[in-house]
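# Topology and contacts: notes
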Amino acid sequence: MSDFKLDLVLGRDFPEPGFRPEKGKTISGAEKINAAVGKIFSVNSAGRRAISDGFYRGNGADSDSLGLPSGGNGKREHGSGKKSGPLISGTAYCISSCGMILLNKIALSTYNFNAGISLMFYQNLISCLVVAALSFCGVVSVEKLNWKLVRVWIPVNVVFVGMLLSGMYSLKYINIAMVTILKNVTNIITAIGELYIFRKHQNQKVWTAMFLMIISAISGGITDLSFDSMGYTWQIMNCILTASYSLTLRKVMDKAKQFAGSGSLNEISMVLLNNLLSLPFGIILILVFGEWEYIITTDVIKLPMFWVVATASGLLGLAISFTSMWFLHQTGPTTYSLVGSLNKIPISFAGLVLFKVPLSLPNFFSILFGLFAGIFFARAKMS
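About the criteria used
- Chains are numbered independently. Their residues run from 1 in the order of the written sequence.
- Local features in this predicted model are restricted to residues of pLDDT 70 or higher, and side-chain atom pairs are both shown and tallied only at a pLDDT of 80 or more, whereas totals for entire chains, interfaces and linings draw on every residue.
- Neither water nor hydrogens contribute to the side-chain values; these are computed over all heavy atoms in the structure.
- Helix and strand assignments follow DSSP, with helices taken as H or I runs no shorter than four residues and strands as E runs no shorter than two, numbered in order from the N terminus.
- Expected helix span is computed as 1.5 Å times (number of residues minus one).
- Three labels apply to residues, based on accessible area from a 1.4 Å probe with only protein chains included: buried if under 20% of the type maximum, exposed if over 50%, partly exposed otherwise in between.
- Contacts are assigned to residue pairs that have any heavy atoms within 4.5 Å of one another.
- Think of each axis as a best-fit line through the C-alpha atoms, taken over the contacting stretch in the case of a helix, with angles from 0 to 180 degrees between the N-to-C directions.
- Put simply, angles under 35 degrees are roughly parallel, angles over 145 are roughly antiparallel, angles from 65 to 115 are roughly perpendicular, and the rest are oblique.
- Working rule for handedness: look at the near helix, and if it is turned counterclockwise from the far one by less than a right angle, call the crossing left-handed; if clockwise, right-handed.
- Only Asp, Glu, Lys and Arg are considered charged, only Ala, Val, Leu, Ile, Met, Phe, Trp, Tyr, Cys and Pro nonpolar, and every remaining residue, Gly among them, polar.
- For every residue, the pLDDT score states the predictor's confidence, bounded by 0 at the bottom and 100 at the top.
- Definition used for salt bridges: Asp or Glu carboxyl oxygen within 4 Å of a side-chain nitrogen of Lys or Arg.

## Some thoughts on helix H6 (residues 184-197)
If you check H6, its first and last C-alpha atoms are 20 Å apart, about what 14 residues at 1.5 Å a residue would give, namely 20 Å. All of the buried residues in H6 are Asn 184, Thr 186, Asn 187, Ile 188, Thr 190, Ala 191, Gly 193 and Glu 194. Looking at the buried positions of H6, the neighbouring elements they touch are helix H5 (176-182), helix H7 (204-223), helix H8 (229-258), helix H13 (344-354) and helix H14 (361-382).

If you want it as structure tokens, here you go:
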């Protein structure tokens, strides 16, 4: 569900992992987080590497829609033994991102599974168990949770759950290519929110790119032969909630760090915090909307391959969190943002081919135009 997927969240440019502040200069919260991430990624004497990042699963939350800082030269110096690092990490990130979206589409549409809340609950439970196991083995470092931190984080988590669920349902009713194009609207909502909340102004190229996104979304919807009003409604809700999540997270982060024992909150801790808090919400929603009755009567859950698909998609959703930060560490914000935009191309075409989506020539060009607008947006943000 997502692709989501991490930008994150701070909406600022991150310094390089080896960054050191000038003498007498105060280190910002974003720099502290990046320093922590760099430390997590460093290789210890045993050569073990721990990778951490956010979560972005939804119908495909991407770096642009969630505000991952763009800019920076996007380069790293590599030793002779690390030259393959960017290629391997980038490939892992793209495969996990594409795979998760395709598997979620299979679970929801091919198997016609009509319990999106239950699927979200199952995938988030998997994420919690995996992160807890990694933390127990000492592979990753997780912040100890306390009531004050949880209380501050609950508003963020409510939006997070809504983002995941709306992404689930939109992916069920709309083909992957159109979901990808429509998600561009998230960038526009986020930019408007940043303007009014954070007084952050965008340059003319960014606004031009967003105008092109609007055109592609409208033309794509008009020419969509498999148009589904329910699916488009869910997708519009997903765009609003994804933008709200990004903006809310930025406001809450500084306050949340005050209640963290270490004084900072790394991304792997946010993964655990979001997924763990979503479980009680998921149980309540399953009971309220009566999904439990569907679960105990449907034949889909008796199919072993369905569980393979659902479990694999949940693991890949968590893998995006790890591989995205790994790739970001190996390259930089610029390369990460651009590859994230380019990654939408194979996802879109794979969705069209694998699910045999009815396609008209105007709709095909609308999709291409939307993909181009997304790339242009990433380039504009870099400038």
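Having seen the model, we can carry on.
## Observations concerning the packing of helix H2 (residues 85-110) against helix H11 (residues 304-330)
With their axes 7 Å apart at the nearest point, H2 and H11 run at an angle of 150° to one another. The angle between H2 and H11 places the two elements in the roughly antiparallel class. Like other packed secondary-structure pairs, H2 and H11 cross with a definite hand, here left-handed. A per-class count over the contact of H2 with H11 returns 16 nonpolar, 12 polar and no charged.

## Topic: the environment of Pro 362
Secondary-structure assignment places Pro 362 in helix H14. Considered as a pair, Pro 362 and Gly 220 are 142 residues apart in the sequence and their alpha carbons are 8.0 Å apart.

## Things to note about the confidence of the model for the protein chain
The share of residues in the protein chain with pLDDT of 70 or more is 78%, and the mean pLDDT across the chain is 79. Within the protein chain, helix H3 (residues 116-136) carries the highest mean pLDDT (94), whereas helix H1 (residues 29-41) carries the lowest (43). Predicted confidence is poor over residues 1-61, with pLDDT under 50, and the contacts of this stretch with residues over four places away or in other chains come to 181 contacts. With pLDDT under 50 throughout, residues 65-78 is counted as low confidence; its partners more than four residues away or in other chains account for 59 contacts.

## Some points on the pattern of salt bridges
All told, the structure shown has 4 salt bridges when counted by the stated rule. Ionic pairing is found between Glu 194 and Lys 200, a salt bridge with its closest N-O pair at 4.0 Å. A salt bridge links Asp 299 to Lys 302; the nearest nitrogen and oxygen atoms lie 3.5 Å apart. Residue class for Asp 299 comes out exposed when judged on its relative accessible area of 52%.

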